[in-house]
Amino acid sequence: EYWAHHHYKDGWPGKLHGKDGQWAVRDILFDIRALSRADVLIGTLASPLARFAARVRLAQHAEKATASPAIALDFNAALADADVVGSSAGDIKELLDREAWIAPPE
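Residues numbered from 1 in each chain as written. Predicted model: local features only at pLDDT ≥ 70, side-chain atom pairs only at ≥ 80, totals over all residues. Heavy atoms only, no water.

(A) Summary view of the overall build of the protein chain. A tally of helices and strands in the protein chain yields five helices and three strands. Mapped from its N terminus to its C terminus, the protein chain presents α and β elements in the order α-β-α-α-β-α-α-β. Across the 106 residues that make up the protein chain, the buried fraction comes to 32%. When the accessible surface of the protein chain is split by element, carbon and sulfur atoms take 58% of a total near 7,100 Å². (Helix = DSSP H or I, 4+ residues; strand = E, 2+ residues; numbered from the N terminus. Buried < 20%, exposed > 50% of the residue type's maximum accessible area, 1.4 Å probe, protein only. Areas by Shrake-Rupley, 256 points an atom, 1.4 Å probe, with all protein chains shown as cover.)

Printed below as a string of structure tokens:
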């Protein structure tokens, strides 16, 4: 059974060494590359990987990212509780604008 090495699994201490560490790094870099090149990026603000991919997408494909901002499934939760993204309440709106995230359509 395959399990992406960088995802949490019960009993996993979160430390990878050797070949497992190399696989995890490769998988993370692939995920960031794939997500940052997406025409439509749907993710969560609670995910550092999704947030980083959105930043890379905005930097590399500004026109695409501006025309179709990343959709945050937890957008309203982040607005209500800044701890969702590890930010202070005053910084949350600026962070959402800087990373080009929007709420999902209703």
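Having put the structure on the table, let's press on.
(B) Main features of the nonpolar core. Among the nonpolar cores identified, the biggest contains twelve residues, and these are Leu-41, Leu-45, Ala-50, Ala-54, Ala-70, Ala-72, Phe-75, Ala-78, Ile-92, Leu-95, Leu-96 and Trp-101. Only helix H2 (48-60), strand S2 (70-72), helix H4 (75-80) and helix H5 (92-98) provide two or more residues apiece to this core. It is H5 that contributes the most residues to this core, three residues altogether. Among residues more than four places away in sequence, those in contact with Ala-70 are Leu-41, Ala-54, Arg-57, Ala-100, Trp-101 and Ile-102. (Core = buried A, V, L, I, M, F, W, Y, C linked by side-chain atoms within 4.5 Å. Contact = heavy atoms within 4.5 Å.)

(C) Looking closely at the confidence of the model for the protein chain. In this model, the protein chain carries a mean pLDDT of 79, and residues with pLDDT of at least 70 account for 79%. When pLDDT is averaged over each element of the protein chain, S2 comes out on top at 91 and H5 at the bottom at 75. (pLDDT = per-residue confidence, 0-100.)

(D) Region of the structure containing helix H1 (residues 18-36). When the terminal C-alpha atoms of H1 are compared, their 27 Å separation across 19 residues agrees well with the 27 Å that a helix rising 1.5 Å per residue should span. Tucked inside the fold, the buried residues of H1 contact H2. (Expected span 1.5 Å × (residues − 1).)

(E) Expanded view of the side chain of Arg-57. On the secondary structure map, Arg-57 appears in helix H2. Among buried charged residues, Arg-57 stands out as having no salt bridge; its nearest opposite-charge side chain is Asp-39, 6.4 Å away. Here Asp-39 takes part through its backbone oxygen, which lies 2.8 Å from a polar atom of the side chain of Arg-57. Excluding anything up to four places from it in sequence, Arg-57 contacts Leu-35, Ser-36, Ala-38, Asp-39, Val-40, Leu-41, Ala-62, Lys-64, Ala-65, Ser-68, Pro-69 and Ala-70. (Lys, Arg positive; Asp, Glu negative; His and termini not counted. Salt bridge = Lys/Arg side-chain N within 4 Å of Asp/Glu carboxyl O. Polar contact = N/O pair within 3.5 Å; in protein donor to acceptor, adjacent residues only side chain to side chain.)

(F) A look at a nonpolar patch on the surface. Taken together, the side chains of Val-40, Ile-42 and Leu-73 make up a nonpolar region of the molecular surface, amounting to roughly 300 Å² of accessible area. As for its position among the elements, Ile-42 is in strand S1 (residues 42-43). (Patch = residues over 30% accessible without salt bridge, like charges linked within 9 Å, V, L, I, M, F, W, Y side chains within 5 Å.)

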